[in-house]
Amino acid sequence: MTDRRSPADAIDSTGFPHVRPDIDALAERIRQLITHCQGIRRACSPAPTLAWLASGRLDAHTETCTHRTSRPAA
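Source: prediction; values computed, not measured.

This part covers the environment of Ser-13. Tracing the backbone shows Ser-13 in strand E1 (residues 11-14). Taking the C-alpha atoms as reference points, Ser-13 and Arg-41, separated by 28 residues in sequence, lie 4.5 Å from one another. Not counting chain neighbours up to four residues away, the residues in contact with Ser-13 comprise Arg-41, Thr-49, Leu-58, Ala-60, His-61 and Thr-62.

To continue, consider the pattern of salt bridges. Working definition: two side chains of opposite charge can pair if their charged atoms are close together. Taken as a whole, this structure holds one salt bridge when the rule is applied. With a shortest N-O distance of 3.0 Å, Glu-28 and Arg-31 are connected by a salt bridge. You can see Glu-28 and its partner Arg-31 sitting in helix H1 (residues 23-36), three residues apart, about one turn around the helix.

Turning our attention to the side chain of Ser-13. Take Ser-13: its relative accessible area is 1%, and that puts it in the buried class. Polar contacts involving the side chain of Ser-13 include one to the side chain of His-61, which spans 2.5 Å.

In this section: the sheet that holds strand E3 (residues 60-62). Pairing is parallel in the open sheet, where three strands are placed in the order E2-E1-E3. Among the strands making up the open sheet, the edge pair consists of strand E2 (39-41) and E3. Looking at each pair of strands side by side, their axes are set apart by 30° on average, direction ignored. Of the strand pairs in this sheet, E1 and E3 are connected by three bridges, and their pairing is parallel. Within E3, the position partnered with Thr-14 by the bridge is Thr-62. Against the sheet, H1 touches E1, E2 and E3, its axis set at about 170° to E1.

Bringing the side chain of Asp-12 into the picture now. Here Asp-12 shows up in strand E1. Assessed through its relative accessible area of 8%, Asp-12 is described here as buried. Ignoring sequence-local partners within four residues, the contact set of Asp-12 consists of Leu-33, Cys-37, Gly-39, Ile-40, Arg-41, Leu-58, Asp-59 and Ala-60.

Another point: H1. Between its terminal C-alpha atoms H1 stretches 20 Å, which fits the 20 Å expected from 14 residues at 1.5 Å a residue. Residues of H1 that are buried include every one of Leu-26, Arg-29, Ile-30 and Leu-33, and no others. End-on view of H1: buried residues confined to an arc of 95°, all on one side of the axis.

What counts and what doesn't
- Residues numbered from 1 in each chain as written.
- Predicted model: local features only at pLDDT ≥ 70, side-chain atom pairs only at ≥ 80, totals over all residues.
- Heavy atoms only, no water.
- Helix = DSSP H or I, 4+ residues; strand = E, 2+ residues; numbered from the N terminus.
- Contact = heavy atoms within 4.5 Å.
- Salt bridge = Lys/Arg side-chain N within 4 Å of Asp/Glu carboxyl O.
- Buried < 20%, exposed > 50% of the residue type's maximum accessible area, 1.4 Å probe, protein only.
- Polar contact = N/O pair within 3.5 Å; in protein donor to acceptor, adjacent residues only side chain to side chain.
- Pairing = 2+ DSSP bridges.
- Axes fitted to C-alpha atoms, helices over the stretch in contact; angles between N-to-C directions.
- Expected span 1.5 Å × (residues − 1).
- Arc of directions from axis to C-beta.

Written out as structure tokens, the structure is:
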């Protein structure tokens, strides 16, 4: 766990759904992250992201899971 106390200091990660039925909601989520966090990261798959989150390299993760094989990882 990191010692960052404020969301403004947080390093967050996000994923992008394979199917994008609501691009406006996705763009709003990214806008909120960019506006309120120190930085955002995006990995190639949920697995390294969740490992980094567990190890404290990331402070939070948000993702829209639309594909059935992604749901167990999230």
